[in-house]
Amino acid sequence: VNILDLANIIARILKKISFKDNFDEIINVGSGEATSVDRVINLLKKKFKKRNFKTSYIKISKKELLNTKASITKLKKFTKYSPGTKLIDSINSHK
């Protein structure tokens, strides 16, 4: 999630809740799309091709999840939010 999108989400949630109420909901925040670490690395390498990126992989623990994706159904329903900034656009916005 892009930081500007996250700030927008937080503002929308704060407008909806009252601190007098006992708001105890868990609301997942994400893009609604699964993105692999390899995809992020490849996008960064493409963007910053003049820099010498070295990547290495370590063996992961059996306890770690290989794939996750945030369900943003509650977020969309509660705030009328839909993901705005795509990962590639977020990366390309940096120099």
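Residues numbered from 1 in each chain as written. Predicted model: local features only at pLDDT ≥ 70, side-chain atom pairs only at ≥ 80, totals over all residues. Heavy atoms only, no water.

1. Considerations on the nonpolar core
Reasoning step 1: By size, the foremost hydrophobic cluster in this structure holds six residues: Ile9, Ile13, Ile27, Ile72, Leu75 and Tyr81.
Reasoning step 2: Setting aside chain neighbours within four positions, we find Ile13 in contact with Ile27, Leu75, Phe78 and Thr79. (Core = buried A, V, L, I, M, F, W, Y, C linked by side-chain atoms within 4.5 Å. Buried < 20%, exposed > 50% of the residue type's maximum accessible area, 1.4 Å probe, protein only. Contact = heavy atoms within 4.5 Å.)

2. Focus: the side chain of Asn2
Reasoning step 1: Of note, Asn2 is situated in the segment before α1 (3-16).
Reasoning step 2: Here Asn2 falls in the buried class, since its relative accessible area comes to 13%.
Reasoning step 3: Discounting residues that sit within four places of it in the chain, Asn2 has contacts with Thr85 and Ser90. (Helix = DSSP H or I, 4+ residues; strand = E, 2+ residues; numbered from the N terminus.)

3. Some thoughts on the packing of aromatic side chains
Here a ring pair, both rings aromatic, is described through the centre-centre distance and the interplanar angle of the planes.
Reasoning step 1: Applying the stated criterion across every chain, the model contains zero aromatic pairs.
Reasoning step 2: If you follow Lys16 out to its NZ or CZ, it ends over the ring of Phe78, 5.8 Å from the centre. (Phe/Tyr/Trp six-rings, centres within 6.5 Å; stacked < 30°, edge-to-face > 60°. Lys NZ or Arg CZ within 6 Å of the ring centre and 35° of its normal.)

4. Section: the pattern of salt bridges
Any two side chains of opposite charge can pair, given that their charged atoms come close.
Reasoning step 1: Applying the stated criterion across every chain yields a total of two salt bridges.
Reasoning step 2: Across the pair Glu25 and Lys74 runs a salt bridge whose closest N-O atoms are separated by 3.0 Å. Placement of Glu25 in the loop between α1 and α2 (37-47) and of Lys74 in helix α3 (residues 73-79) is noted, with a sequence separation of 49 residues between them.
Reasoning step 3: Overall, Glu25 belongs to the partly exposed group, its relative accessible area being 44%.
Reasoning step 4: For Lys86, the salt bridge is made with Glu33, and the minimal N-O distance between the two is 3.7 Å. Of this pair, Lys86 sits in the loop between α3 and α4 (87-92) while Glu33 sits in the loop between α1 and α2, and the two are 53 residues apart along the sequence.
Reasoning step 5: For Lys86, a relative accessible area of 47% translates into the label partly exposed. (Salt bridge = Lys/Arg side-chain N within 4 Å of Asp/Glu carboxyl O.)

5. Quick notes on α1
Along an α-helix, residues three or four positions apart point the same way, because every turn accommodates 3.6 residues.
Reasoning step 1: The end-to-end C-alpha distance of α1 is 20 Å, a good match for the 20 Å that 14 residues give at a rise of 1.5 Å each.
Reasoning step 2: Along α1, the residues that are buried comprise Asp5, Ile9 and Ile13. When α1 is viewed along its axis, its buried side chains cluster within an angular range of 75 degrees and face the same direction. Across α1 from its buried face, at more than 90 degrees, point the exposed residues Ile3, Leu4 and Lys15.
Reasoning step 3: Here the buried face of α1 lies against α3.
Reasoning step 4: For α1, the N-terminal capping position is held by Asn2, with its side-chain oxygen 2.7 Å away from the main-chain nitrogen of Leu4. (Expected span 1.5 Å × (residues − 1). Arc of directions from axis to C-beta. Polar contact = N/O pair within 3.5 Å; in protein donor to acceptor, adjacent residues only side chain to side chain.)

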